[in-house]
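# Commentary on secondary and tertiary structure
Listed here are the chains, written in short residue letters.
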Amino acid sequence: DGGITQSPKYLFRKEGQNVTLSCEQNLNHDAMYWYRQDPGQGLRLIYYSQIVNDFQKGDIAEGYSVSREKKESFPLTVTSAQKNPTAFYLCASSIIGGVMETQYFGPGTRLLVL
Amino acid sequence: AQSVTQLDSQVPVFEEAPVELRCNYSSSVSVYLFWYVQYPNQGLQLLLKYLSGSTLVKGINGFEAEFNKSQTSFHLRKPSVHISDTAEYFCAVSDASGTYKYIFGTGTRLKVLA
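In this report, we go over the structure that sits alongside the text. (Residues numbered from 1 in each chain as written. Chains lettered and ligands numbered in written order. Predicted model: local features only at pLDDT ≥ 70, side-chain atom pairs only at ≥ 80, totals over all residues. Heavy atoms only, no water.)

## A few points about the overall build of chain A
Under the convention used in this document: Counting from the N terminus, the helices are the DSSP runs of H or I reaching at least four residues and the strands are the DSSP runs of E reaching at least two. C-alpha atoms define the radius of gyration in this analysis, and the globule rule sets the expected value at 2.2 Å times the number of residues to the power 0.38. Working rule for contacts: check all heavy atoms of both residues, and any pair within 4.5 Å makes them a contact. To be clear on the numbers: accessible area is Shrake-Rupley with a 1.4 Å probe, and residue cover counts the displayed protein chains and nothing else. Only four residue types enter the tally: Lys and Arg on the positive side, Asp and Glu on the negative side, with His and both chain ends excluded. Every charge is mapped to an atom, namely NZ of Lys, CZ of Arg, CG of Asp or CD of Glu.
The helix and strand tally for chain A stands at zero helices and 11 strands. Scaling as 2.2 N^0.38, a compact globule of 114 residues should have a C-alpha radius of gyration of about 13 Å, and chain A matches this with 13 Å. Considering only residue pairs separated by 6 or more positions, chain A has 53% of its internal contacts joining residues 24 or more positions apart. Put simply, chain A shows about 5,400 Å² of open surface, and 49% of that area lies on carbon and sulfur atoms. Positive and negative side-chain charges of chain A, numbering 11 and 11 respectively, have mean locations separated by a distance of 8 Å.

In structure tokens, the structure reads:
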């Protein structure tokens, strides 16, 4: 089955630690996105990438980093500079074409700080 | 720049009653509009989308929405809800210029009562 996988489902971070969230898609989509979800705030865009080896900052990129070395993979690193990382993180992907294409979402990773 | 407002943070409704979840947007350019549903601790699933054409859009699970350009609204409706419709619903907007970025509303939590 085609889809988007995110791992782990739950992740715990200690103070001063960097952690990496995995996002893989086998939909052959060009674009991939990372969102952060906090209660009552909806989804906010962290980073997005429309092509391999290229990515752009979203609205809340500070304290996060990404890479896009392969079309199917878009890992997100939450660095120690992110002072409030506790949230639900969602990865999405879409094709890029003439008409706006739908974003499809993975199941999410919940990050908690110890 | 676009923005999305979901006026109701929570909507309680009895089973088999109709429901309307409101979404208003702001944009100086043409837009695409989406409704997603999120069940607890899961990713987002697309309910329906408006790209062009008929302003009445039908989606999955018996939901529909109407695009009203003059009122800049895209309200979601269902004539008869079920307990299983209890979830959080997000409205999203994207401009039609090809940036492929979504702006999400803050969500409406629908609670269906027996």
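Still more to cover.
## Describing a nonpolar patch on the surface
Here is the rule: Residues enter patches when their relative accessible area tops 30% and they take part in no salt bridge; the joining distance is 9 Å for like charges and 5 Å for the nonpolar side chains Val, Leu, Ile, Met, Phe, Trp and Tyr. Think of a salt bridge as a Lys or Arg side-chain nitrogen and an Asp or Glu carboxyl oxygen that are within 4 Å of each other.
Taken together, the side chains of Y10, F12 and L114 of chain A make up a nonpolar region of the molecular surface, amounting to roughly 340 Å² of accessible area. Among the secondary structure elements, Y10 of chain A is positioned in strand β2 (residues 10–13).

## Description of the state of the cysteines
All names here are of chain A. To keep things clear, this is the line we draw: Here, a disulfide means two cysteine sulfur atoms that sit within 2.5 Å of each other. In this scheme, a residue with accessible area under 20% of its type's maximum is buried, one over 50% is exposed, and one in between is partly exposed, where area comes from a 1.4 Å probe on protein chains only.
Counted by the stated rule, this structure contains two disulfides over all chains. Each disulfide pairs two cysteine sulfurs, and for C23 the partner residue is C91, the sulfurs being separated by 1.9 Å. Since a negative S-S torsion denotes a left-handed disulfide, the C23-C91 link at about -75 degrees is left-handed. Pair noted here: C23 is in strand β3 (residues 19–25) and C91 is in strand β9 (residues 87–94), with a separation of 68 residues, a long-range link. The buried category is assigned to C23, whose relative accessible area is 1%.

## What to know about the nonpolar core
Stated precisely, the cut-off is as follows: Side-chain atoms within 4.5 Å link the members of a nonpolar core, which is a set of buried Ala, Val, Leu, Ile, Met, Phe, Trp, Tyr and Cys residues.
In this structure, L33, W35, L47, L48, F74, L76 and Y89 of chain B are the most contacted members of the largest nonpolar core, which totals 27 residues. When residues of this core are traced back to their parent elements, those giving at least two are β2 (10–14), β3 (19–21), β5 (31–38), β6 (44–50), β8 (64–68), β9 (73–78), β10 (87–95) and β12 (108–113) of chain B.

## Notes on the pattern of salt bridges
What the rule picks out here adds up to nine salt bridges over all chains. A salt bridge links D8 of chain B to R22 of chain B; the shortest N-O distance between them is 2.9 Å. Of this pair, D8 of chain B sits in the loop between β1 (3–5) and β2 while R22 of chain B sits in the loop between β3 and β4 (24–26), placing them 14 residues apart in sequence. Accessibility expressed as a relative area gives 19% for D8 of chain B, which makes it buried. Look at R22 of chain B and you get partly exposed, because its relative accessible area is 31%. Through salt bridges with shared partners, a single network forms among R36, D38 and R44 of chain A.

## A short note on the packing of aromatic side chains
Residue and element names in this part refer to chain B. Formally: Under the pairing criterion, centres of Phe, Tyr and Trp rings, with the six-membered ring standing for Trp, must be within 6.5 Å; the plane angle then separates stacked pairs below 30 degrees from edge-to-face pairs above 60, leaving the rest tilted.
Counted under the stated rule, the structure contains 15 aromatic pairs over all chains. Ring plane angle 25 degrees and centroid distance 6.2 Å describe the contact between Y25 and F67, whose orientation is recorded as stacked. With Y25 in strand β4 and F67 in strand β8, this residue pair connects regions lying 42 residues apart in the sequence. You'll find Y25 and F67 in the same group, each marked buried.

## Notes on the sheet that holds strand β1 (residues 4–7) of chain A
All names here are of chain A. Put simply, the rule is: A strand pair is defined by DSSP finding two or more bridges across the two strands. Structural elements are reduced to axes, namely lines fitted to C-alpha atoms, with helices fitted over the stretch in contact, and the angle between N-to-C directions of any two is expressed from 0 to 180 degrees.
Taken in spatial order, the four strands of this open sheet run β1-β3-β8-β7, and their pairing is antiparallel. Each having just a single partner strand, β1 and β7 (64–66) make up the two edges of the open sheet. Taking each pair of neighbouring strands and ignoring which way they run, the sheet shows an average axis angle of 20 degrees. Of the strand pairs in this sheet, β1 and β3 are connected by four bridges, and their pairing is antiparallel. Each bridged residue has a counterpart across the sheet, and for Q6 the counterpart in β3 is C23.

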